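Geometric and topological summary
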Amino acid sequence: MVYCYLAFINGYYGHFITIYAHWIWRSVYSYFPALSFYNASYRELKRLSSLSKSPLLSHISETSHGLDTIRAYGLQSQFEALLLPKIDLCNQSHLLMVHAQFWFNLRLKLLGCLLVLALILLGVNGLLNSSIVGFAVTIGLQLNEELNTFLMNLGLFEANMVAVERLSAYIKIPSEAPAICPIDSSLPNWPCLGTIEFRNVYMSYPRNPERLILKNVSFVIKAGEKVGIVGRTGSGKSSMMDTLFRIVEPRSGAILIDGQDISQLGLSKLRESIEMIPQVAILFSGTIQSNLDPQNKHTAQEIWDVLEKVGLRQFVAGLQDQLDSVVENGGQNFSAGQRQLLLFAGVLLKKAKLVVLDEASSSVDVESDRLIQICLQKEFSGITVLCVAHRLDMIAGFDKILGLNQGILEEFDTPANLLAQTNSIFKQLVDATGPDNAVYLHKLATVSNQ
Ligand SMILES: Nc1ncnc2c1ncn2[C@@H]1O[C@H](COP(=O)(O)OP(=O)(O)OP(=O)(O)O)[C@@H](O)[C@H]1O
Ligand SMILES: [Mg+2]
């Protein structure tokens, strides 16, 4: 149609235009089936490539973070064995993408060549003026190249839109509750006591909503009480902490801190009000001072005082830059024990009312462990402490022990009372540590009861 129309209105000079229009029309028309086939395949291959790249990248990142541990345990070959199939999978889809590009490129070039050949044959047979044919072939070859680039880029554009598709899928992932709620501003000093109440809390993880992890858990922890949480592995200890921080929302029931239902608070308010000392203590890059007092609210004297309390004053005073000593990424230039003691110092500095420890002393040396125990007993008076512990000497002297069994709260009493029962979870765990250690733990429990 376009060809006929242009031929009609342009006369002799329009002959050039007519030939170009014909050229473009023919090219696009003949490219179309190959283009739609290539685009559909290339897009899916790109999707596969993106999907296979994620596990590879996360494996590399996890391995590089845990390099010391992997080398220490001589597990290089095991990690290599996990890595190679991931590289293969990623390369397979990438290789197919490159092949698809070659396939399409080859067809584009062949089609272009066929069209040039057809023009030349028209010229040779005298059907077209040879000067016009020469001119058309020169321009046509250039045009062919441009068209190829355009179509290849069109394919690339469509394939790369897969990234946008993945981003929009991430955007649709249900997000957490709001970080700030109107009620937050009406509770400036919350929590001022540190009482915790769980009221008939049921909890399950969103991935498996049918499987209840916490089942009808109810207890009250008074202000300033130190509570150790025990239970076999998988009994729901860490999950209970997750609900306290609202990392996972309870299915039903309520959690109250100082009488305030935490489900009505903004997540920022809740999470900044509870101090958490994780199993693997991580510090931020900066200085000792910036880690202990990120908002610069305290004097140097106050910082030295808390360092004294956790037994780190001498160590920090011995460093060349003292409070300005550099803390490398994650706190790698400090031992695990020192990192945890620094976190303890931060808690004391903030005068937090609620502290959660998840097996906080499991990775520290004996001396740091001793310092942590002293610090907990002496300096944390008036602070409510919830401690998930496998090492029972840490919690045997606490005020209360909370025993979980498959998500059910089976016991909540003083260590001495639980040790007096024959079948309590705590007693079973204590007895399992061996007769000598059990005697020591009994002593700790009795002393704390007096
Ligand atoms: N993110 C999660 N998604 C789904 N299920 C989970 C998740 N985290 C834990 N679980 C399941 O919840 C149950 C309780 O796990 P949890 O980590 O709370 O146990 P735990 O008492 O802390 O164990 P451990 O002493 O080994 O740390 C386990 O059966 C576990 O499989
Ligand atoms: Mg746990």
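Residues numbered from 1 in each chain as written. Chains lettered and ligands numbered in written order. Predicted model: local features only at pLDDT ≥ 70, side-chain atom pairs only at ≥ 80, totals over all residues. Heavy atoms only, no water.

1. Considering the sheet that holds strand E1 (residues 196–203)
Taken in spatial order, the four strands line up as E2-E1-E4-E5 in an open sheet, and their pairing is antiparallel. At either margin of the open sheet sits one strand with a lone partner, and together these are strand E2 (214–221) and strand E5 (260–261). On the sheet, helix H6 (residues 237–244) packs against E1, E2 and strand E4 (252–257) and is oriented at approximately 110 degrees with respect to E1. (Pairing = 2+ DSSP bridges. Helix = DSSP H or I, 4+ residues; strand = E, 2+ residues; numbered from the N terminus. Contact = heavy atoms within 4.5 Å. Axes fitted to C-alpha atoms, helices over the stretch in contact; angles between N-to-C directions.)

2. Regarding the site of ligand 1
Near ligand 1, the surroundings consist of Tyr205, Arg211, Ile213, Arg232, Thr233, Gly234, Ser235, Gly236, Lys237, Ser238, Ser239 and His390. Between an oxygen atom of ligand 1 and a side-chain N or O atom of Arg211, the distance comes to 2.6 Å. The contact in question runs from an oxygen atom of ligand 1 to an N or O atom on the backbone of Gly234, over 2.9 Å. Against a free-state accessible area of 630 Å², the protein chains account for coverage of 66% of ligand 1. (Near = heavy atom within 4 Å. Polar contact = N/O pair within 3.5 Å; in protein donor to acceptor, adjacent residues only side chain to side chain. Areas by Shrake-Rupley, 256 points an atom, 1.4 Å probe, with all protein chains shown as cover.)

3. Focus: the sheet that holds strand E9 (residues 354–358)
With mixed pairing, the six strands of this open sheet are ordered in space as E6-E9-E10-E3-E11-E12. Strand pairing shows two members of the sheet lacking a second neighbour, strand E6 (275–277) and strand E12 (408–413), which therefore form its edges. Strand-to-strand twist of the sheet, defined as the mean angle between neighbouring strand axes without regard to direction, takes the value 20 degrees. Inspection of the sheet shows strand E3 (residues 226–230) paired to strand E10 (residues 384–388) by four bridges, in the parallel sense. Its bridge partner lying in E10, Gly228 is registered against Cys387.

4. Observations regarding the nonpolar core
Membership of the largest hydrophobic core comes to 49 residues, with the highest contact counts inside it found for Leu307, Phe344, Leu357, Leu376, Phe380, Ile395 and Phe426. Sort the elements by how many residues they give to this core and helix H11 (residues 336–350) lands first, with seven residues. Leu357 has contacts with Ile277, Phe344, Leu376, Val385, Leu386, Cys387, Val388 and Met394, leaving out every residue within four places of it along the chain. Among the nonpolar cores identified, the runner-up in size contains 30 residues, and Trp190, Ile213, Ile262 and Leu270 belong to it. (Core = buried A, V, L, I, M, F, W, Y, C linked by side-chain atoms within 4.5 Å. Buried < 20%, exposed > 50% of the residue type's maximum accessible area, 1.4 Å probe, protein only.)

5. Topic: the pattern of salt bridges
Pairing between side chains of opposite charge can happen when the charged atoms of each approach one another. Per the counting criterion, the structure on display carries 11 salt bridges. A salt bridge links Glu308 to Arg313; the shortest N-O distance between them is 3.8 Å. For Glu308, a relative accessible area of 49% translates into the label partly exposed. On the basis of relative accessible area, Arg313 is assigned to the partly exposed category, the value being 30%. Three or more residues joined by partner-sharing salt bridges are found here, namely Arg43, Glu44, Arg47, Glu158 and Glu165. (Salt bridge = Lys/Arg side-chain N within 4 Å of Asp/Glu carboxyl O.)

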